[in-house]
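Here are the chains, one letter per residue:
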Amino acid sequence: MKIWGISDTHFQHGQVDSMSNYGEVWVHHTEKIIENWKEVVSGEDLVLIGGDIVWSTRLDQALTDIRMIDRLPGKMKIIIQGNHDCWWQEYESVCGAMPETIVALEGNAVKLEGQVICGTRGWISPNDPDFEVLDRNTFDREMVLLRNALDAAVKLDPVDGIHLLMHFPPFTTNGYRTPFFDRILEYPVITCTYGHFHVKKEWDALPKGMIEGITFHLTSTDYLENKPVLIWQG
Ligand SMILES: [Fe+2]
């Protein structure tokens, strides 16, 4: 069994080529993701989808793309909210609308195929140069949700360690560790996936790979050239 990751797919409920103004990698990016996904993901695998999944303010619209993800290979797909998933309002409504193979996480955890996965969106941190006063409440709330997610994961007996799914990286835009990072270190986390960033300068600044025993993966679909990346293999 393998765990794959991808994020920031910015699907637009069936609209073809909706992102092509953003560069070559975005031209027909939905089709590219589907093709690459089918190539690597098997029916036994899990796929972590780290937010900014669909451009929409309406849950019913977003479900067009969520159902498309449901039909793709993979035993289960685990999703979290990104800052652009405005269709994701009440967590209970989101969970109630999810098709069979999709689990939505928001400050909680799930055990699938013997692997414990927890997730939360994260947010911009006070030590980030782009942090503003208005970010404080969401930052504080997300620090609590991360604690809740990791505590829930520990209760599920993570024999191999915890897989943490976030949208915002636990690093600043210029690559420094944030309070989220310090919190993650308090738990037996083995993988942490994050996305959110779409600019090469930011990609270059972000720490990736093994740090303090945790493997960090940047999963923005444009960074991955629309190919799901291998996060873990059993
Ligand atoms: Fe984002």
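Residues numbered from 1 in each chain as written. Predicted model: local features only at pLDDT ≥ 70, side-chain atom pairs only at ≥ 80, totals over all residues.

Caption draft 1: Local environment of helix α2 (residues 59–71). Given a rise of 1.5 Å per residue, 13 residues ought to cover 18 Å, and the 18 Å separating the end C-alpha atoms of α2 matches this to within 8%. For α2, the complete set of buried residues consists of A62, D65, I66 and I69. (Helix = DSSP H or I, 4+ residues; strand = E, 2+ residues; numbered from the N terminus. Expected span 1.5 Å × (residues − 1). Buried ≥ 20, exposed ≤ 12 C-beta atoms within 10 Å, placed from the backbone.)

Caption draft 2: Representation of the sheet that holds strand β1 (residues 2–6) within the structure. A sheet is described by the order of its strands in space; here five strands give the open sequence β4-β3-β2-β1-β11, paired in mixed fashion. Edge strands, defined here as strands with exactly one partner in the open sheet, are β4 (102–104) and β11 (229–233). Strand-to-strand twist of the sheet, defined as the mean angle between neighbouring strand axes without regard to direction, takes the value 25°. Relative to β4, strand β3 (residues 76–79) runs parallel, the two sharing three bridges. Paired with K77 across the bridge in β4 is I102. (Pairing = 2+ DSSP bridges. Axes fitted to C-alpha atoms, helices over the stretch in contact; angles between N-to-C directions.)

Caption draft 3: Highlighting the nonpolar core. Counting 54 residues, the largest nonpolar core has L48, I78, C118, L164, L165 and C192 as the members making the most contacts within it. It is helix α4 (residues 136–155) that contributes the most residues to this core, five residues altogether. Those residues within four positions of C192 in sequence are excluded, and the remaining contacts are L164, M166, P170, I184, I214 and F216. (Core = buried A, V, L, I, M, F, W, Y, C linked by C-beta atoms within 7 Å. Contact = placed C-beta atoms within 7 Å.)

Caption draft 4: Examining the sheet that holds strand β5 (residues 108–112) more closely. Ordered by their spatial adjacency, six strands build an open sheet running β5-β6-β7-β8-β10-β9, and the pairing between neighbours is mixed. Edge positions in the sheet fall to β5 and β9 (209–211), since each has one partner strand and no second. The average undirected angle you get between the axes of adjacent strands in this sheet is 25°. Each of β5, β6 (115–120) and β7 (162–166) is contacted by α4, which is oriented at about 170° to β6, the strand it contacts most.

Caption draft 5: Broad picture of the pairing of strand β8 (residues 189–194). The buried fraction of β8 is high, at five of six residues. As judged from the four bridges shared by β7 and β8, these two strands associate in the parallel manner. Within the sheet, the bridge partner assigned to L164 lies in β8 and is C192. In this fold, β7 hands off to helix α5 (residues 179–184), which returns the chain to β8; that crossover is right-handed. Of the pairings in the sheet, the one linking β8 to strand β10 (residues 214–218) comprises four bridges and is parallel in character. Across the sheet, the residue bridging to C192 is F216, located in β10. (Right-handed = clockwise from strand over helix to strand, strands pointing away.)

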